[in-house]
Amino acid sequence: RKEVEQDPGPFNVPEGATVAFNCTYSNSASQSFFWYRQDCRKEPKLLMSVYSSGNEDGRFTAQLNRASQYISLLIRDSKLSDSATYLCVVPGNYGQNFVFGPGTRLSVLP
Amino acid sequence: NAGVTQTPKFRILKIGQSMTLQCAQDMNHNYMYWYRQDPGMGLKLIYYSVGAGITDKGEVPNGYNVSRSTTEDFPLRLELAAPSQTSVYFCASSYGAEQFFGPGTRLTVL
């Protein structure tokens, strides 16, 4: 298994829809996980951290399943402004660094 | 605070030329990173630093060099540029787990 894999996408959903992305990771010792958002031709920015079973922030919910080694990101009531690429990030093998997944692209359509 | 700044924003190099990508942060972060992102791909770690005077290789260090003489600056040096180094380069810094990214440098090697 690769260090981190994500749903390839793209996901095209209408405004108001609920959409979920999955991310699997290989390092069973990993303790902390992150979802970053990257807009087209921009730098990634932290969206959510996931340290235990999950985290919720408004319309966004991140869940962690340690037994199956995956994390998910759920977006409710999608907005046009949610259109972006969502990067799953897990701890890497080089000290204080992290491995970025290839990203899942979301397009929210009017 | 300016956060993480990178220069230049864009650059075109000829094969065999050299250049330095500049990165600076004003947040007093100990950890700094250099990533490259190829189209449709995730970020790959090139080099990272845990503090001034300390650097280490990431996943894809070949063809690059770094130095960290101060906490603020972390330049990336390309010697003998090759077409395979055409990419977007992101510098990042962190204190804890969250990484803060610069706006990126788009490099084309022809």
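One structure accompanies this document, and this report is about it. (Residues numbered from 1 in each chain as written. Chains lettered and ligands numbered in written order. Predicted model: local features only at pLDDT ≥ 70, side-chain atom pairs only at ≥ 80, totals over all residues. Heavy atoms only, no water.)

Notes on the overall build of chain B
For step 1, the next point in the chain: Counting its regular elements, chain B contains 0 helices and 11 strands.
For step 2, the next point in the chain: Secondary structure elements of chain B, listed N to C terminal, follow the sequence β-β-β-β-β-β-β-β-β-β-β.
For step 3, the next point in the chain: A globule of 110 residues ought to have a C-alpha radius of gyration of about 13 Å, and chain B, at 13 Å, matches this closely.
For step 4, the next point in the chain: Oriented by its inertia axes, the alpha-carbon framework of chain B measures out at about 35 × 25 × 25 Å.
For step 5, the next point in the chain: By the burial criterion, 45% of the 110 residues in chain B qualify as buried.
For step 6, the next point in the chain: For chain B, the accessible surface area stands at approximately 5,100 Å², while carbon and sulfur atoms represent 53% of it. (Helix = DSSP H or I, 4+ residues; strand = E, 2+ residues; numbered from the N terminus. Rg over C-alpha atoms; globule rule 2.2 N^0.38 Å. Buried < 20%, exposed > 50% of the residue type's maximum accessible area, 1.4 Å probe, protein only. Areas by Shrake-Rupley, 256 points an atom, 1.4 Å probe, with all protein chains shown as cover.)

A word on the side chain of His 29 of chain B
Residue and element names in this part refer to chain B.
For step 1, the next point in the chain: One can find His 29 in the loop between strand E3 (19-25) and strand E4 (31-37).
For step 2, the next point in the chain: Note on His 29: relative accessible area 6%, which makes it buried.
For step 3, the next point in the chain: Within the local environment of His 29, its side chain forms a polar contact with the backbone nitrogen of Ser 94, the two atoms lying 3.4 Å apart.
For step 4, the next point in the chain: Beyond its immediate chain neighbours, meaning those up to four positions away, His 29 contacts Arg 68, Thr 71, Ser 93, Ser 94, Tyr 95 and Phe 100. (Polar contact = N/O pair within 3.5 Å; in protein donor to acceptor, adjacent residues only side chain to side chain. Contact = heavy atoms within 4.5 Å.)

Overview of the sheet that holds strand E6 (residues 54-57) of chain A
Residue and element names in this part refer to chain A.
For step 1, the next point in the chain: An order of E1-E3-E8-E7-E6 is seen for the 5 strands of this open sheet, with the pairing classed as antiparallel. Across the chains shown, the open sheet's two edge strands, defined by having one partner strand only, are strand E1 (4-6) and E6. Each strand axis lies, on average, 15° off the axis of its neighbour in the sheet, ignoring direction.
For step 2, the next point in the chain: Pairing of strand E7 (residues 60-65) with strand E8 (residues 70-75) involves 6 bridges; the strand directions are antiparallel. By the bridge assignment, Asn 65 is partnered in E8 with Tyr 70. (Pairing = 2+ DSSP bridges. Axes fitted to C-alpha atoms, helices over the stretch in contact; angles between N-to-C directions.)

Some remarks on the interface of chain A and chain B
For step 1, the next point in the chain: Facing 18 residues of chain A, the contacting portion of chain B comprises 22 residues.
For step 2, the next point in the chain: Of the roughly 1,600 Å² buried at the junction of chain A and chain B (both faces included), carbon and sulfur atoms supply 57%.
For step 3, the next point in the chain: Where chain A touches chain B, the interface holds 0 salt bridges.
For step 4, the next point in the chain: Contributions of two or more residues to the side of chain A that touches chain B are made by strand E4 (33-38), strand E5 (44-50) and strand E10 (98-100) of chain A.
For step 5, the next point in the chain: No other element matches E4 of chain A, which puts 3 residues into the side of chain A that touches chain B.
For step 6, the next point in the chain: Of the residues assigned to the side of chain A that touches chain B, the class counts are 10 nonpolar, 5 polar and 3 charged. (Buried area = accessible area lost by both parts, 1.4 Å probe. Salt bridge = Lys/Arg side-chain N within 4 Å of Asp/Glu carboxyl O. Nonpolar A, V, L, I, M, F, W, Y, C, P; charged D, E, K, R; others polar.)

With respect to the pattern of salt bridges
All names here are of chain B.
For step 1, the next point in the chain: Inspection of the entire model under this criterion finds 7 salt bridges over all chains.
For step 2, the next point in the chain: Here Arg 36 makes a salt bridge to Asp 38, at a shortest N to O gap of 2.9 Å.
For step 3, the next point in the chain: Given a relative accessible area of 26%, Asp 38 falls into the partly exposed group.
For step 4, the next point in the chain: Arg 77 is the partner of Glu 79 in a salt bridge, and the nearest nitrogen-oxygen pair spans 3.1 Å.
For step 5, the next point in the chain: Under the relative-accessibility criterion, Arg 77 is labelled partly exposed at 32%.

Concerning the environment of Arg 77 of chain B
Residues and elements named next belong to chain B.
For step 1, the next point in the chain: Mapped onto the elements of the fold, Arg 77 is located in strand E8 (residues 76-78).
For step 2, the next point in the chain: Each C-alpha atom, one on Arg 77 and one on Phe 101, is 18 Å from the other, the two residues being 24 residues apart in sequence.
For step 3, the next point in the chain: Those residues within four positions of Arg 77 in sequence are excluded, and the remaining contacts are Ser 18, Met 19, Thr 20, Gly 63, Tyr 64 and Asn 65.
For step 4, the next point in the chain: Of the polar contacts made by the side chain of Arg 77, one reaches the side chain of Thr 20; its length is 3.0 Å.
For step 5, the next point in the chain: Here Glu 79 takes part through its side chain, which lies 3.1 Å from a polar atom of the side chain of Arg 77.

Considerations on unusual backbone geometry
For step 1, the next point in the chain: The omega angle of the peptide bond from Gly 9 of chain A to Pro 10 of chain A is 0°, so this bond is cis rather than trans.
For step 2, the next point in the chain: In this structure, Pro 8 of chain B follows Thr 7 of chain B across a cis peptide bond, with omega equal to -5°.
For step 3, the next point in the chain: Within the secondary structure layout, Pro 8 of chain B lies in the loop between strand E1 (4-7) and strand E2 (10-13).
For step 4, the next point in the chain: Despite not being glycine, Arg 41 of chain A shows a phi value in the positive range, around 65°.
For step 5, the next point in the chain: With respect to the secondary-structure elements, Arg 41 of chain A resides in the loop between E4 and E5.
For step 6, the next point in the chain: A positive phi is found at Asp 77 of chain A, a non-glycine position, where the angle reads about 50°.
For step 7, the next point in the chain: The class of Asp 77 of chain A is partly exposed, set by a relative accessible area of 37%.

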